[in-house]
Amino acid sequence: MALTPDDVVTKQFQHVRFKEGFDPDEVDDFLDEIVVEWRKTIAENEELKAKLAALESGEAAPATPAAEAPKAEEPVVSEVPAPAPAPAAVESDAAPAAQSAGIIELAQRLHDEHVAEGKAQRDQLVSEAQAQAASIVAEAEKQGREERARLEKERTTLEGRITELRNFERDYRSQLRSYIEGQLRDLDTAGSSSGSTPVSAIGL
């Protein structure tokens, strides 16, 4: 099936599911089809050029016999309009060339749009990744600050508890020492009192 400019203009590519843009394989296949049709057009152009050259050489050959015959003026006049098909051949040659140029221009435009879309998508992904990374870093810093504040609070609480225990230990030791010293004084007092008692008082 021959490719026409309308086919290029109305061509629609399928969108891929997991990313924006067109299917690269489908675009490549379509561009390959354009290249094939373009090569056909070039071959047709070469063939038309060869036919045009043949027509021009065929018209130049009968001109010599017409010059040798003195009474052949009417055939010469009748042959003068013969080159009229040449413009038609030129026009038919220019039309495929213009068509090829249009196809090439459209293919280039599709390629440029595809590249631009890919760059835009790349920039968007990079921007989203940077924003996500910044959000993750900010969240980690926030959690770090909260954790340091919690640990500082626990440290302050533990230091206060340690101070309380040290004060309790000091007070307990002081009270225990005072109690023991009091008991020792009581023993000393009781011993002194028993040593000074007369023997007769014991009931012997």
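Note: the structure precedes this text.
Sequence order as written defines residue numbering, which begins from 1 separately in each chain. Where local features are concerned, this predicted model is filtered to residues with pLDDT of at least 70; where side-chain atom pairs are given and counted, the filter is 80 or more; whole-chain, interface and lining totals use all residues. With hydrogens and water set aside, each side-chain value is computed from the structure's full complement of heavy atoms.

J.: Describe the packing of aromatic side chains, with residues and values.
T.: Centre distance and the angle of the planes are the two values used to describe a pair of aromatic rings. Aromatic pairing here means that ring centres of Phe, Tyr or Trp (its six-membered ring) are within 6.5 Å. Orientation follows from the plane angle: under 30 degrees is stacked, over 60 is edge-to-face, and everything else is tilted. Enumeration over the complete set of coordinates arrives at one aromatic pair. Judged by centre distance (6.2 Å) and plane angle (20°), the ring pair of phenylalanine 168 and tyrosine 172 falls under stacked. Of the two residues, phenylalanine 168 and tyrosine 172 both sit in helix 5 (residues 85-195), four residues apart, roughly one turn of that helix. Note on tyrosine 172: relative accessible area 47%, which makes it partly exposed. For helices the rule is a DSSP run of H or I covering at least 4 residues; for strands it is a run of E covering at least 2, with both sets numbered from the N terminus onward. Each residue's exposure class comes from its accessible area (1.4 Å probe, protein chains only) as a fraction of the maximum for that residue type: buried when under 20%, exposed when over 50%, partly exposed otherwise.

J.: Which residues make up a negative patch on the surface, and what values go with them?
T.: There is a patch of like negative charges on the surface, built from Asp25, Asp28, Asp29, Asp32 and Glu33. Along the polypeptide, aspartate 32 turns up in helix 2 (residues 24-60). By relative accessible area, which is 47% here, aspartate 32 ends up partly exposed. Put simply, a patch holds well-exposed residues, over 30% relative accessible area, that have no salt bridge, with like charges counted together within 9 Å and Val, Leu, Ile, Met, Phe, Trp or Tyr side chains within 5 Å. Each accessible area value is a Shrake-Rupley result obtained with a 1.4 Å probe; residue values ignore everything except the protein chains displayed when judging cover. Definition used for salt bridges: Asp or Glu carboxyl oxygen within 4 Å of a side-chain nitrogen of Lys or Arg. The positive count covers Lys and Arg only, the negative count covers Asp and Glu only, and His and the chain ends enter neither. By convention, the charge on Lys lies at NZ, on Arg at CZ, on Asp at CG and on Glu at CD.

J.: Give a detailed account of the pattern of salt bridges, specifying residues and quantitative values.
T.: Tallying each qualifying case throughout the model produces nine salt bridges. A salt bridge links arginine 150 to glutamate 147, with the nearest nitrogen and oxygen atoms 2.3 Å apart. With arginine 150 and glutamate 147 both in helix 5, this residue pair falls three residues apart, about one helical turn. Residue classification places glutamate 147 among the partly exposed positions, given a relative accessible area of 35%. In this structure, the salt-bridge partner of glutamate 152 is arginine 155, at a minimum N-O distance of 2.4 Å.

J.: Hey, could you go over a nonpolar patch on the surface for me, with residue numbers and the actual values?
T.: On the surface, Phe168, Tyr172, Leu176, Tyr179, Ile180, Leu184 and Leu187 cluster together to form a nonpolar patch covering roughly 770 Å² of accessible area. The class of phenylalanine 168 is exposed, set by a relative accessible area of 56%.

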